[in-house]
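Descriptive structure summary
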Amino acid sequence: MEASYPMPSALPHTHTHRVHTQSQPASLSAWRMTVSSETLPSQLEDDEDRGRQHDHHDGQGHDHDHDHDHDHDHDHGHHYDHGHSHSHSNSHSHSRSQPRHHHDHDHSHNHVHSHDHAHSHSHSHSHSHSHSHSPHGHDHDHGHNHGHGHSHSHEASHGHSSERSLFTRTILPYTVGWPILYSILAEKDSRRIFYFMSLNFGFMIIQAFYGYVTDSLGLLSDSIHMFFDCVALLVGLLAAVLSKWPKSQRFPYGFGKVETLSGFANGILLMLLSVEIAFEAFERLWEGTQTKRLGELFVVSTLGLIVNLVGMMAFGHHHHGHDHGHSHGHSHGEKHDHGCGSHSGHDHNHNHGHGHGHGHDHDNENMRGIYLHILADTLGSVSVIVSTVLTSFWGWAGWDPLASCFIATLIFLSAQPLVFSSARRLLLTVPEGVEYNLRNILAGIGQQRGVVSYSTPKFWMDDYGSDRLLGIVHVTVARGAALEDTKDRVREYLLKEGIDAVIQVERDGDNGCWCARGRAMTNPPQTSKQF
Amino acid sequence: MAATEAESLHNGGQAAAAPNPFNFQTQVISTAPVKSQNVGQRRGHRYKHSSVSAQHQIFQEPPPRPPPVLPASLPTPTLKEAWRSLQRDQRMRLYWGLCHVAIAMYIFYRSGGSLAAMALSHLVFFDAGSAAVCVVVDVLGNFEVWRRSSIRHPFGLERAEILAGFAMSIFLLFGGFDLLSHNLKHILESVGDHEAGHEHGDHGHDDERVALGLVSAAAIASTLVSAYGLRNHARIAKVMRVSYLATLPSILSNPFHFFTLFFSALISLLPLLSISLYAWLDRLICAVISLAMFSLGMRVAVAQGLMLLMSYGGNRGDVGVTAVLREIESESGIARVDGAQFWQVHYGLCMANLKLIITNGYDELALVKLRNRISALIQNRLGEGYGNGGNVRWEVTMETTIDAGI
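By convention here, each chain's residues receive numbers from 1 onward along its written sequence. Numbering of ligands from 1 and lettering of chains from A proceed in the order in which they are written. Per-residue local features of the predicted model are confined to residues with pLDDT of at least 70, and side-chain atom pairs are confined, for both listing and counting, to 80 or more; whole-chain, interface and lining totals are unaffected and use all residues.

**Focus on the overall build of chain B**
Segments assigned H or I by DSSP are reported as helices when at least four residues long, segments assigned E as strands when at least two residues long, and all are numbered from the N terminus. A count of helical and extended segments in chain B gives 14 helices and four strands. To assign burial, the other C-beta atoms lying within 10 Å of each residue's own C-beta are counted, with C-beta atoms placed from the backbone; 20 or more indicates buried, 12 or fewer indicates exposed, and intermediate counts indicate partly exposed. When the 406 residues of chain B are sorted by exposure, 37% land in the buried category. A sequence separation of at least 24 residues applies to 73% of the contacts in chain B between residues at least 6 apart. Any pair of residues counts as being in contact when their C-beta atoms, constructed from backbone geometry, are within 7 Å of one another.

The following block contains the structure:
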């Protein structure tokens with residue numbers, strides 16, 4: 001390690017003080033007793049409790065083979081560095097005090113944003129060390145095999161949810177009695193929607209009341225419009241609350257798609273609205289109806305504009321791309337073969353492979369849909385204001401329909417990308433970057449020992465993990481290989497690649513399953529040449 | 001600081017790395033044609049099959065891999081390809097779909113004074129829309145990308161039909177709301193100033209009478225043609241299962257057709273009534289239609305939304321699944337069910353992914369039999385009977401683990 005990674009001494013080595021302390025055999029055995037989870041002959045192993053795979057090779061020397069698979073799910077303030085400077089001080093500090101939960105890594109991320117995000121951080125480190133201890137002094141031969149797979153996905157809750165507003169903090173204690181209200185207010189997205197909906201609703205009632213008192217048709221019809229907005233917001237609110245619900249038998253994959261669905265619905269609604277606006281505009285242009293009561297219209301639309309601008313401010317902040325989708329893939333070193341402890345000498349083989357996939361944005365379609373809706377309303381108010389002003393100056397009745405047509409086109413175009421992106425997710429389409437990896441991963445299934453072939457691989461994105469996949473695959477096992485072992489091998493392999501699959505194993509030659517039909521269908525056209 | 005650290009990491013990596021496979025030095029590419037005598041010293045790109053490469057083994061064969069089971073992605077047809085793939089009867093259906101849309105437009109524009117006719121036009125629009133979806137689904141069925149799964153689209157594109165249905169249900173909801181608001185505005189107007197309201201209802205009652213007759217006749221005809229010719233709404237209605245209409249004869253048992261036919265028949269009767277009754281009944285029918293649209297849209301949206309959320313809402317839904325799971329658990333040899341996911345992919349396909357823990361000492365042959373038994377059980381219980389026409393296929397995947405505990 002020291003040889004290959006010339007690290008500045010100023011690096012934050014948190015574990016440096018524990019370095020090289022395992023040369024005392026007494027404490028070593030003591031440590032082994034404390035670990036005692038597996039009875040290994042003479043192995044030191046740094047056993048991360050959450051690590052799923054342990055690879056124990058029998059070795060005479062100290063032969064470590066770590067395979068960490070962390071899956072952190074933080075939800076509190078972090079100081080992370082997205083510049084990725086990992087300093088792995090692999091200096092074997094098998095911390096006697098607390099043998100578990102100990103990594104020799106020092107991820108010092110100093111990206112300055114110290115905000116609060118729902119962080120799903122998944123590392124998977126695998127180290128292999130081999131020590132040979134001589135009576136005095138020691139020399140270490142490290143063979144590292146780091147495989148980091150970071151995937152940060154910051155969603156929505158950027159910075160603000162920890163510091164709730166004063167208003168929220170004051171009313172939050174009172175809502176404990178109503179669990180629904182509390183759960184709405186506790187989450188940032190739903191809270192925003194809720195506040196804006198309340199504002200909208202209150203404004204609607206005031207408007208309707210004044211409209212009724214003053215007998216003003218404009219006010220009344222605008223309050224009807226506001227009511228529809230409230231309904232749309234209510235649907236969004238429902239989606240935001242539902243999305244937090246757990247998986248169940250009825251919904252085996254949880255409610256992660258609810259928000260996408262609501263976003264899709266909102267997008268479609270906007271498209272329909274824009275079509276309707278355009279229709280009505282043409283009708284008005286055709287019939288040449290004069291817009292009446294300009295002053296009243298002006299006041300109403302200005303008030304609407306103010307409300308919507310407030311909404312834009314509340315939701316717009318979210319919209320400006322606060323959804324990062326980092327996924328870095330470092331892979332230092334190829335697999336070292338520590339068959340037995342005789343491995344010595346520096347055999348480092350580093351292989352940096354950074355794969356920054358900022359492509360697939362995992363942002364919240366629900367919020368986007370609501371934002372677009374408010375945007376559309378704002379544009380509508382603006383168009384009414386502008387057209388009333390123009391009409392009062394020039395007196396041509398065509399201004400209003402013209403402005404409406406223009407706005408309708410704008411709304412339609414802005415809703416389009418939302419509809420497409422949410423449709424793609426609802427269709428369970430695998431995004432391009434993931435698809436590329438998936439192809440390689442699938443090819444790897446065939447290389448597992450005992451596997452003859454596989455069929456009907458169906459994989460789709462998990463809504464909870466950032467780049468994780470769920471799915472099924474049917475694996476045909478060679479005669480002579482144990483079904484169970486092969487299944488475990490494939491399962492482990494897929495899990496390592498971030499796929500949680502249901503694997504059905506079948507014996508070669510058994511065509512009883514429905515997947516055999518698919519095989520018969522797909523096999524003939526496989527005569528394609530490689531080149 | 002972070003930068004230097006990262007850099008050092010890189011440098012460290014490169015120092016020990018295998019020789020870089022890429023050559024980043026700039027190279028001068030001569031524009032002169034390659035002469036045949038200096039074959040051995042050719043610069044620039046080398047081709048795998050050229051004699052130079054063959055001699056020097058520059059290119060290494062990739063490790064042999066079996067051909068992929070699934071294509072990565074299948075080509076999505078363009079409009080032109082779709083048009084070319086049309087068969088004769090499909091072309092006829094396409095023309096009819098366009099006709100249906102045209103009829104809907106006609107009804108919309110002729111509905112002029114009557115709110116009820118306008119409401120009817122919304123219903124016909126919905127019919128026309130789903131007829132168009134039917135046609136498009138039919139045409140896309142010509143292509144592989146629709147049915148066959150690829151890595152890109154694990155279930156083909158068939159789920160798009162659900163998505164389109166969901167969009168149509170949004171249209172229904174929107175239409176219902178829209179009509180309600182129109183109705184409300186009309187009422188407000190007529191309450192607000194009486195002159196305006198009367199002006200609207202009075203002009204040319206004779207003209208309107210003919211128009212309404214025509215409108216309802218067109219609506220009925222188009223609905224019938226679509227119902228028989230395109231099997232419009234057939235699949236959606238199956239998912240929804242409106243029980244109180246199920247006893248009605250063939251077409252009427254479908255709620256969509258039922259509503260359209262019923263309301264157009266009602267509207268054709270409207271002109272026979274006196275003017276004052278007509279005005280009120282007009283509004284009433286409009287309100288009823290909008291409410292019907294709203295409730296229907298709600299049901300469609302829920303039915304399709306469940307599918308889009310990867311849930312199973314079909315045959316008795318959750319209760320059915322629970323019963324089946326209990327039955328599976330009671331099978332001999334099964335210690336417990338570790339995880340079960342039942343969900344509907346699209347109209348014709350459901351998936352059941354089970355993780356079963358098998359008691360120790362179960363041999364392979366018995367396992368195969370068990371698997372077949374469970375598949376049959378799920379298909380029989382949850383798949384629709386074969387009598388009902390298009391039945392739902394269940395694709396069952398079972399991961400069996402031998403119980404290690406006992």
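**A look at the UniProt feature "transmembrane region" (unreviewed entry) in chain A**
Residues and elements named next belong to chain A. UniProt positions are given in the numbering used here, feature names are shortened, and annotations may be inferred rather than shown by experiment. Taken from the UniProt record, the annotation "transmembrane region" (unreviewed entry) applies to residues 193-212, 224-242, 294-315, 370-395 and 401-420. Measuring from the first to the last C-alpha atom of residues 224-242 gives 27 Å, for a span that is 100% helix and 0% strand. This span, residues 370-395, is 96% helix and 0% strand, and a straight line between its end C-alpha atoms measures 35 Å.

**Focus: the confidence of the model for chain B**
Residue and element names in this part refer to chain B. Confidence of the predictor in every single residue is expressed as pLDDT, which spans 0 to 100. Scored by pLDDT, chain B has a mean of 77; 73% of the residues are at 70 or more. Low pLDDT, under 50, characterises residues 194-204; the predicted model gives this stretch six contacts beyond four residues in sequence or across chains. Predicted complex, confidence summary: ipTM 0.79, pTM 0.69.

**Considerations on the pairing of strand 2 (residues 334-346) of chain B**
Inspection of the sheet shows strand 2 of chain B paired to strand 3 (residues 349-358) of chain B by 10 bridges, in the antiparallel sense. Residue pairing across strands places His 346 of chain B opposite Leu 349 of chain B, the latter belonging to strand 3 of chain B. Paired strands, as defined in this entry, are two strands with at least two bridges between them according to DSSP.

**Some thoughts on helix 12 (residues 275-308) of chain B**
Residue pairs spaced three or four apart in an α-helix point in one direction, given the helix's 3.6 residues per turn. Any helix carries an expected span of 1.5 Å times its number of residues minus one. With 34 residues, helix 12 of chain B extends 48 Å from end C-alpha to end C-alpha; this agrees with the ideal 50 Å at 1.5 Å per step. Directly beyond the C-terminal end of helix 12 of chain B, a positive phi value near 65 degrees is found at Met 310 of chain B.

**A word on the sheet that holds strand 3 of chain B**
Residue and element names in this part refer to chain B. With mixed pairing, three strands are arranged side by side in an open sheet as 2-3-4. Here the strands that pair on one side only, and so sit at the sheet edges, are strand 2 and strand 4 (393-402). Sheet twist, expressed as the mean angle between neighbouring strand axes with direction ignored, is 15 degrees. Running over the sheet, helix 14 (residues 364-382) touches strand 3 and strand 4 and is turned about 145 degrees from strand 4. Axis definition: a line fit to C-alpha positions, over the contact stretch in the case of helices; interaxial angles, taken between N-to-C directions, run 0 to 180 degrees.

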